[in-house]
Amino acid sequence: MSRQFIFVGAILGVLVLAGSGSARVAAPIPVLPAPGDFVSRIDNKYFPLRPGTTFLFGGTQEGKARQVSVFVTHKTKMILGIRATVVLDQVLVGGKREEKTFDWYAQDKHGNVWYLGEDSSDFVNGKWVRSDGSWEAGVKGAKPGIVMKANPRVGVVYRQEYYAGHAEDMAKVLSRNKSVAVAYGSFEHTLETSEWTPLERGVLEHKYYVKGVGNVRTIMAKGGSEEEHLVSITR
């Protein structure tokens, strides 16, 4: 969403000032740890990614059925000396292919899950076209972010990615005690976040994460009509 934002050089990276409505928050670009500070498994309690696992989501998008398949592959990709797990995300809307993305994640020894980039494509006129939002940490000034903190604290704002003008997602922890019911099950003490980007005016999502499971629901709170919820997990 379009907000005023100012880039300020700092020791910890670039500081971005962004507003959500009348509020303004600061989200610094986090400093990536050294490759030796990363571990081989992603077992963050709110964002576990076990290779061979498929998460299936159902939902709606602008009145049409939406289906999302998230497959944690056994493949890895070396990025800035870090071995990242490759996750394939595929989206169908109204039964038709819409988007596919290869996401690259890695976890540091403290338990933070880093987002190191994505190779995203849209299905246009019968063929896959690479999305402008594709990026890789270390390439053309793109920097990694944290997609899930080891210990998310209410009120904390963090940057999930940074590729100026292309990928600038940010998130804020709203609650760690939400109740959520989806097709997969009913849960208490759920983590709730709000997520947005300065690149899309008036768009805001809320996401819900369950310990030991991961994301169970995403709903567009502003800027459109889109919702998805966890239906099944297979391994």
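For the structure, check the block above.
Everything numeric here is computed off the predicted structure, so don't read it as measured data. (Residues numbered from 1 in each chain as written. Predicted model: local features only at pLDDT ≥ 70, side-chain atom pairs only at ≥ 80, totals over all residues. Heavy atoms only, no water.)

Peer 1: It is not clear to me how the side chain of Glu 205 should be interpreted in this structure. Could you clarify?
Peer 2: One can find Glu 205 in strand 17 (residues 204-210). Despite being buried, Glu 205 has no salt bridge partner; Lys 207 is the closest side chain of opposite charge, sitting 4.2 Å away. With sequence-adjacent residues up to four places away left out, Glu 205 is seen in contact with Thr 193, Ser 194, Glu 195, Thr 218, Ile 219, Met 220, Ala 221 and Glu 226. (Helix = DSSP H or I, 4+ residues; strand = E, 2+ residues; numbered from the N terminus. Buried < 20%, exposed > 50% of the residue type's maximum accessible area, 1.4 Å probe, protein only. Lys, Arg positive; Asp, Glu negative; His and termini not counted. Salt bridge = Lys/Arg side-chain N within 4 Å of Asp/Glu carboxyl O. Contact = heavy atoms within 4.5 Å.)

Peer 1: I tried to follow the packing of aromatic side chains on my own but got confused; where do I start?
Peer 2: To describe a pair of aromatic rings, you give the distance between the ring centres and the angle between the ring planes. In total, this model carries six aromatic pairs according to the counting rule given. Ring geometry for Phe 38 against Trp 114: centres 6.5 Å apart, planes inclined by 65 degrees, an arrangement best described as edge-to-face. Note that Phe 38 is positioned in strand 4 (residues 38-39) and Trp 114 in strand 9 (residues 113-124), a separation of 76 residues in sequence. As far as the burial class goes, Phe 38 and Trp 114 line up, both buried. With 5.1 Å between their ring centres and 20 degrees between their planes, Tyr 105 and Tyr 115 make a pair best called stacked. Taken together, the residues span a long stretch of sequence, with Tyr 105 in strand 8 (residues 96-108) and Tyr 115 in strand 9 at a distance of ten residues. According to the relative accessible area criterion, Tyr 115 is buried, its value standing at 8%. Grouped by ring-pair contacts, the aromatic residues Phe 47, Tyr 105, Tyr 115 and Trp 135 constitute a single cluster. Over the face of the ring belonging to Trp 104 we find Lys 77, whose NZ or CZ atom lies 5.0 Å from the ring centre. (Phe/Tyr/Trp six-rings, centres within 6.5 Å; stacked < 30°, edge-to-face > 60°. Lys NZ or Arg CZ within 6 Å of the ring centre and 35° of its normal.)

Peer 1: Can you help me understand the side chain of Glu 161 in this one?
Peer 2: Inspection of the secondary structure puts Glu 161 in strand 14 (residues 161-162). Arg 159 provides the closest opposite charge to the buried, salt-bridge-free Glu 161, at an N-O distance of 6.9 Å. At 3.5 Å, the side chain of Glu 161 and the backbone nitrogen of Glu 168 are in polar contact. Contact partners of Glu 161, with chain neighbours within four places excluded, come to Tyr 115, Glu 118, Trp 135, Lys 143, Gly 145, Ala 167, Glu 168 and Asp 169. (Polar contact = N/O pair within 3.5 Å; in protein donor to acceptor, adjacent residues only side chain to side chain.)

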